[in-house]
Amino acid sequence: MTLPASAPPIRVPRSRVEETHRRLAVPIREALDRVLFGGPRAATETVEAFETAFAAATGRRFAVGVQSGTAGLFLALRAAGVGPGDEVITVANTDISTLSAVTHCGATPVLCDILLDDYTMDVDRATRLITPRTRALLPVDLYGHPADARALRTLAEAHGLRLIEDACLAAGARDHGRPVGEWAHLTVFSFNGSKPLGGIGNGGAVVTDDPQLAGRVRHLRGYGADLLRGTEPGGADAAGKYAFTTEGYNLPLEGPHAAVLGVKLPYLEEWTSRRRAIAASYAARLAGEPVGLPTFRAEAEPTFRQYTVRVARRDAVFARMRHGGVDVVLHYVPPMHQQPVYRDRRFPGSDDLPVTERAAEELLCLPVSPELTEEDVEVVVETLRHAVDPASSGGM
């Protein structure tokens, strides 16, 4: 969508993360100095320290740092044994990383419709999609809203499947009183700069309680090299030799990214609380307006990467909001089965996604950066009120 040339500058951006970086400038520089000038093991030790801290923060035994959330999804599927001929039940309202991770394993995505309440996988529909070829369930915690992973774990266990949770947008979320990802065999997080726990550039982690799955992810992440007994860390002996037992990949989390993430991780709970407060303010101020508000299971505590509402005549509302200086976005439109790369693939389930397709036509993502002020929130609400035409609300 092309905005008019006369569009005013953005008054409320989707993020002001640079303000946070300025406040943390001293510890960030100190952490980077340790990586840059701390000797040959400094980067490795920084990554290991962050992995330990992130595992504790997510309540899991193991965290394996990886190059990105995309890499984490692929490695998690590979570690779970997903391969050619298998099917993985997932959703179409997501980033391409979710589906491409499946297809890059040689498997087939089977698309499940969603709940209109919170835009996450419909467990009842997922149940009906299981076939003898199904190997895994891959729900997405879209916009930081926890999918019903406990119910999906029960479903997975009943059919001998792996549950792999795409929590790339959900660091800081909780479900049933526990950090998000508690119920999955493997859970994947992203640390891209736009995510609730964002670093510098890309980054991600796969968390699990299973030592074999953690070891498999770590093995695949590191070229498929096994640690040689009596050698230096990383699998090399004194002559620099490795034992490659798998065709793996070079997809580690790098030291500088881990350094910044290690500084920011202790603030995640504080930032998540602020995101929830902004979301609650939106919900209260928009109550009674012709706007469809998300609702959640009582056990779910989202982290709100954005606050995603539904409006009639969405494209017109989007244009008015942008013209009014609010940096609204459309994630993820159109859904994956309608994207050019997949339009001719006809994945199983793609002909029966009425809720996914409706949501894609109506959704509008409002900014929820923790740096936003109460004045910013009021600007967003008032701009949305003026942008929505009550006569065309369609009874939302």
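One structure accompanies this document, and this report is about it. (Residues numbered from 1 in each chain as written. Predicted model: local features only at pLDDT ≥ 70, side-chain atom pairs only at ≥ 80, totals over all residues. Heavy atoms only, no water.)

1. Observations regarding the overall build of the protein
Summing up its helical and strand segments, the protein has 13 helices and 14 strands in all. Its C-alpha atoms give the protein a radius of gyration of 22 Å, near enough to 21 Å, the size a compact globule of 396 residues would have. C-alpha extents for the protein along the principal axes are approximately 75 × 55 × 40 Å. In the protein, buried positions account for 53% of the 396 residues. (Helix = DSSP H or I, 4+ residues; strand = E, 2+ residues; numbered from the N terminus. Rg over C-alpha atoms; globule rule 2.2 N^0.38 Å. Buried < 20%, exposed > 50% of the residue type's maximum accessible area, 1.4 Å probe, protein only.)

2. Here we look at the packing of aromatic side chains
Between two aromatic rings, the relevant description is the distance of the centres plus the angle of the planes. A full pass over the atoms with the stated rule returns twelve aromatic pairs. For the pair F50 and F54, a centre-to-centre distance of 5.7 Å together with 25° between the ring planes defines the contact as stacked. Of this pair, F50 and F54 both sit in helix α3 (residues 42-57), separated by four residues, roughly a single helical turn. According to the relative accessible area criterion, F50 is buried, its value standing at 3%. Residue F54 is classed as buried on the basis of its relative accessible area of 1%. The interplanar angle of 85° and the centroid separation of 5.1 Å between the aromatic rings of F54 and F191 together place this pair among those described as edge-to-face. Taken together, the residues F54 in helix α3 and F191 in the loop between β8 (186-190) and β9 (204-208) connect sequence positions 137 residues apart. Accessibility expressed as a relative area gives 1% for F191, which makes it buried. Grouped by ring-pair contacts, the aromatic residues F50, F54, F189 and F191 constitute a single cluster. (Phe/Tyr/Trp six-rings, centres within 6.5 Å; stacked < 30°, edge-to-face > 60°.)

3. Some points on the sheet that holds strand β5 (residues 162-166)
Whenever strands of a sheet pair, they do so through backbone hydrogen bonds, lying parallel or antiparallel. Taking strand neighbours across the sheet as the criterion, the seven strands line up as β1-β9-β8-β5-β4-β2-β3 in an open arrangement whose pairing is mixed. Because the sheet does not close on itself, it has two edges, and the strands there are β1 (62-66) and β3 (108-112). Put simply, the sheet's adjacent strands are angled 25° from each other on average, direction ignored. The sheet contacts of α3 involve β1, β8 and β9, and relative to β1 the element is tilted by about 130°. Helix α7 (residues 149-159) contacts β4 (134-137) and β5 of the sheet and is inclined by roughly 155° relative to β5. (Pairing = 2+ DSSP bridges. Axes fitted to C-alpha atoms, helices over the stretch in contact; angles between N-to-C directions. Contact = heavy atoms within 4.5 Å.)

4. Considerations on the packing of helix α10 (residues 268-286) against helix α13 (residues 374-387)
Each pair of packed helices can be summarised by the angle the axes make with each other and by the distance between the axes. Contact geometry of α10 with α13 gives a least axis separation of 10 Å together with a crossing angle of 35°. Along this stretch, α10 crosses α13, giving a crossing that reads as right-handed. Counted together, R274, I278, S281, Y282, R285 and L286 of α10 and E374, V377, E378, V380, V381, L384 and R385 of α13 form the full contact between these two elements. For the contact of α10 with α13, the residue count by class is seven nonpolar, one polar and five charged. (Left-handed = near helix turned anticlockwise from the far one by under 90°. Nonpolar A, V, L, I, M, F, W, Y, C, P; charged D, E, K, R; others polar.)

5. Some thoughts on the packing of helix α4 (residues 69-79) against helix α5 (residues 96-104)
Contact geometry of α4 with α5 gives a least axis separation of 9 Å together with a crossing angle of 40°. Read as a crossing pair, α4 and α5 show a hand that is right-handed. Residue-level contacts link T70, L73, F74 and L77 of α4 to S97, T98, A101, V102 and H104 of α5.

6. Description of the pattern of salt bridges
What the rule picks out here adds up to 25 salt bridges. A salt bridge links R41 to E48; the shortest N-O distance between them is 3.7 Å. Two residues, D175 and R297, come together in a salt bridge whose shortest N-O distance is 3.0 Å. Of this pair, D175 sits in strand β6 (residues 174-175) while R297 is found in the loop between α10 and β12 (300-301), placing the two residues 122 residues apart along the sequence. Residue classification places D175 among the buried residues on the basis of a relative accessible area of 4%. Among the ionic contacts, a cluster of salt bridges with common partners joins D148, D175, R297 and E299. (Salt bridge = Lys/Arg side-chain N within 4 Å of Asp/Glu carboxyl O.)

7. Some thoughts on the nonpolar core
Proteins that are soluble and globular tend to have nonpolar side chains buried together. Ranked by internal contacts, the top residues of the largest apolar core, which has 28 residues, are L77, V88, I164 and L186. Contributions of two or more residues to this core are made by β1, α4, α5, β8 and α8 (211-221). Looking at this core, the element that brings in the most residues is α4, giving seven residues. Ranked by size, the runner-up nonpolar core spans 27 residues in total, among them V123, L152, A156 and L363. (Core = buried A, V, L, I, M, F, W, Y, C linked by side-chain atoms within 4.5 Å.)

8. Looking at α4
In terms of residue burial, α4 counts as a mostly covered element, since nine of its eleven residues are buried. For α4, the full list of buried residues reads G69, A71, G72, L73, F74, L75, A76, L77 and A79. One or two steps after α4, the chain reaches G81, where phi turns positive at roughly 85°.

9. Some points on the environment of L155
Mapped onto the fold, L155 is located in helix α7. Using a relative accessible area of 10% as the deciding quantity, one classes L155 as buried. As for L155 and L137, which are separated by 18 residues in sequence, their C-alpha atoms are 9.1 Å apart. Filtering out sequence-adjacent residues up to four positions away, L155 remains in contact with V123, A126, T127, I130 and L137.

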